[in-house]
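Here are the chains, one letter per residue:
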Amino acid sequence: MSPAKTVHTAQNPENGDKGEVSRVNSIFEINDDDFSNFTEKARPINIERKRSFDEKSFSEMSITMSPRPFYRNSQNNSRVFEPVDSIYSSGGRSGFDTPRSENGFEPHPIVAEAWDALRRSIVYFRKEPVGTIAAIDHSEEELNYDQVFVRDFVPSALAFLMNGEPEIVKNFLIKTLRLQSWEKKVDLFKLGEGVMPASFKVHHDSVRNTETLVADFGEAAIGRVAPVDSGFWWIILLRAYTKSTGDSSLADRPECQRGIRLILSICLSEGFDTFPTLLCADGCCMIDRRMGIYGYPIEIQSLFFMALRCALQLVKPEGEGKEFIQKIGDRLHALSYHMRSYYWLDLKQLNSIYRYKTEEYSHTAVNKFNVMPDSLEDWVFDFMPCKGGYFIGNVSPARMDFRWFCLGNCVAILSSMATPEQASAIMDLIEARWDELVGEMPLKISYPALEGHEWKIVTGYDPKNTRWSYHNGGSWPVLLWLLTAACIKSGRPQIARKAIELTESRLLKDGWPEYYDGKTGRFIGKQARKNQTWSIAGYLVAKMMLEDPSHLGMVSIEEDKQMCPRVKRSASWTC
């Protein structure tokens, strides 16, 4: 992480660090009137909102309905609530309302605090909101927590969209797209044209009285790893913005269409790989330190699948777009089969792997990746319930990573990479292994933790990734919004409600930390930053989505049976 000291917040968008920021040829700036033509009047379209759960699952929520509140700042910056009917914009009025008591709407006490904290994190560029910083924590050196990260901003963006405030999301999409167009080099080596930045910051030049955006494409990150997931999150967020506002004019712009194609060009290029999954390095996603997820990690494959499905809705079938639509369709067919067949693990499949024969040859081979049955660790047998299953962490020749990774499994449900049966099985697993995966603070990013000699070899003695800490089995509140969305789509909102109640009991009191440590998430992370923006935004998104489930449409795509053929053997084993 690279030090960065300039932050422009909602309180004073003009102030900033007046020190010099070092310039190298791999750090890029925006200092022109980028994409001014995006300010043209939006062209509205009608987008059908579909409920992804049946009436029975919704009735199980047992809540009384009333108009959803709208949160805003008054003239003196105090927080006020207004009924949605009088001021709600096209940014998200859906068919469902929020619970209220007999005396009227009573939000949880920490909701207002969360909105205040989220608004304090807003970054301004030329007096326009363009994102939110990673964390406001002045207790020690900020490192790069004062930058706007693409992946970190996603829950903030969803919160603003759900609250009818799309401007900051549109500005963010435009600015990051502009940064994508810059030439990107790391130590004289040129990165792919479609790579999206990991983060950016606002730099204020007090001498020239100008503001510029300074981007990081991985050249300043720990390990110097380019973010593979940034481009996927950008496409997913563009689709969420379009779905929420009903405005396709931004996505239809030639610049946005080109940006989507550039991202996909890197992923859809032909090469030596015999798998439809995406090969990538360790540290290229949310788990951004060495954790042995190189190769084909579930998080990247799920996000890749989701981005492809979103792109299929966004790409215009004209010119180059027509060719890309064909490529996307072909890849989705192959990827869905591969993931549902080889990444899925339930009791039946676990028993099959246990009985594998090795050194099998030709097309009749059952053990296609030559996995050694003795590589199965004891914890896998104890962890797998009779009813339930999940997508494992990684599959590559001679190696299966049987760890549970939360983000990849939740996105698999939201993108419909998981079949309805698999989605239900994942929910069964979470319920059956509640103490291990949720514990006292939602939600385990991975399970189990690497320990002892394995921790030394895989993490390289990483002092931040000790067992049950940070990415090595730590608990991350931001994952609450993904769990909530997956629960609603699977018709299991009661699981999300229980997790939200756990979060509300501690998160504000603990100062909105980045992550928690321990087997059950009992302790605030040893190096966790306080006032972590995506912990705040993740809670707000989960809360608003549970209150108004139609928000799910922003981040969920229904199963396309023609695009994603069903694989029968993926169904969860039942005792």
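Residues numbered from 1 in each chain as written. Predicted model: local features only at pLDDT ≥ 70, side-chain atom pairs only at ≥ 80, totals over all residues. Heavy atoms only, no water.

### Re the overall build of the protein
So, point 1. The number of helices and strands found in the protein is 19 helices and 18 strands.
So, point 2. By residue count, 61% of the 575 residues in the protein fall in the buried class.
So, point 3. Of the contacts formed within the protein by residues at least 6 apart in sequence, a portion of 74% connects residues at least 24 apart.
So, point 4. For the protein, the exposed area adds up to about 23800 Å²; of that, 51% sits on carbon and sulfur atoms. (Helix = DSSP H or I, 4+ residues; strand = E, 2+ residues; numbered from the N terminus. Buried < 20%, exposed > 50% of the residue type's maximum accessible area, 1.4 Å probe, protein only. Contact = heavy atoms within 4.5 Å. Areas by Shrake-Rupley, 256 points an atom, 1.4 Å probe, with all protein chains shown as cover.)

### A look at a negative patch on the surface
So, point 1. Together, Glu-377, Asp-378, Asp-382 and Glu-454 give the surface a local cluster of negative charge.
So, point 2. When you line up the elements, Glu-377 lands in the loop between α11 (347-354) and α12 (378-383). (Patch = residues over 30% accessible without salt bridge, like charges linked within 9 Å, V, L, I, M, F, W, Y side chains within 5 Å. Salt bridge = Lys/Arg side-chain N within 4 Å of Asp/Glu carboxyl O. Lys, Arg positive; Asp, Glu negative; His and termini not counted. Charge placed at Lys NZ, Arg CZ, Asp CG, Glu CD.)

### Some words on the packing of aromatic side chains
Each aromatic ring pair is summarised here by two numbers: the centre-to-centre distance and the angle between the ring planes.
So, point 1. What the rule picks out here adds up to 22 aromatic pairs.
So, point 2. Geometrically, the ring pair formed by Phe-153 and Phe-172 is tilted, given 4.3 Å between the ring centres and 35 degrees between the ring planes. A residue pair is termed long-range when its members are at least 10 positions apart, and Phe-153 in helix α4 (residues 150-162) and Phe-172 in helix α5 (residues 167-180) qualify at 19 residues. Each member of the pair, Phe-153 as well as Phe-172, carries the same accessibility label: buried.
So, point 3. Centroid distance Tyr-342 to Phe-369: 5.3 Å. Interplanar angle 80 degrees. Geometry classified as edge-to-face. Of this pair, Tyr-342 sits in helix α10 (residues 320-343) while Phe-369 sits in the loop between α11 and α12, and the two are 27 residues apart along the sequence. (Phe/Tyr/Trp six-rings, centres within 6.5 Å; stacked < 30°, edge-to-face > 60°.)

### Here's the deal with helix α17 (residues 480-489)
So, point 1. Counting buried positions along α17 gives 10 out of 10 residues, so the element sits mostly inside the fold.
So, point 2. Inspection of α17 places Leu-480, Trp-481, Leu-482, Leu-483, Thr-484, Ala-485, Ala-486, Cys-487, Ile-488 and Lys-489 among the buried residues, and these make up the whole buried set.
So, point 3. Contacts from the buried residues of α17 go to α4, α6 (229-245), α13 (406-414), α14 (420-432), α18 (493-504) and α19 (533-547).
So, point 4. Within two residues after α17, Gly-491 carries a phi angle of roughly 75 degrees, on the positive side.

### Here's the deal with the layout of surface pockets
So, point 1. Of the pockets and cavities examined, the largest pocket occupies roughly 760 Å³.
So, point 2. Around the largest pocket sit 30 residues that line it, and Ile-266, Cys-267, Leu-268, Ser-269 and Leu-278 are the ones nearest its centre.
So, point 3. Breaking the lining of the largest pocket down by element, the ones donating at least two residues are β8 (189-190), α6, α8 (254-268) and α10.
So, point 4. Here the residues of the lining of the largest pocket are counted per class, giving 18 nonpolar, six polar and six charged.
So, point 5. Size it by volume and the second largest pocket reaches roughly 580 Å³.
So, point 6. In terms of lining residues, the second largest pocket is bounded by 25 residues, among which Glu-377, Trp-379, Arg-403, Leu-450 and Glu-454 are the most central.
So, point 7. For the lining of the second largest pocket, the elements supplying multiple residues, two or more each, are β14 (399-401), α15 (434-437) and α16 (452-459).
So, point 8. Along the lines of polarity and charge, the residues of the lining of the second largest pocket split into 12 nonpolar, three polar and 10 charged. (1 Å grid on protein atoms, 1.4 Å probe; cavity = no way out; pocket = protein on both sides within 12 Å on 5 of 7 lines; lining within 4 Å. Points joined across faces, edges and corners; volume = space filled by probe spheres on them. Nonpolar A, V, L, I, M, F, W, Y, C, P; charged D, E, K, R; others polar.)

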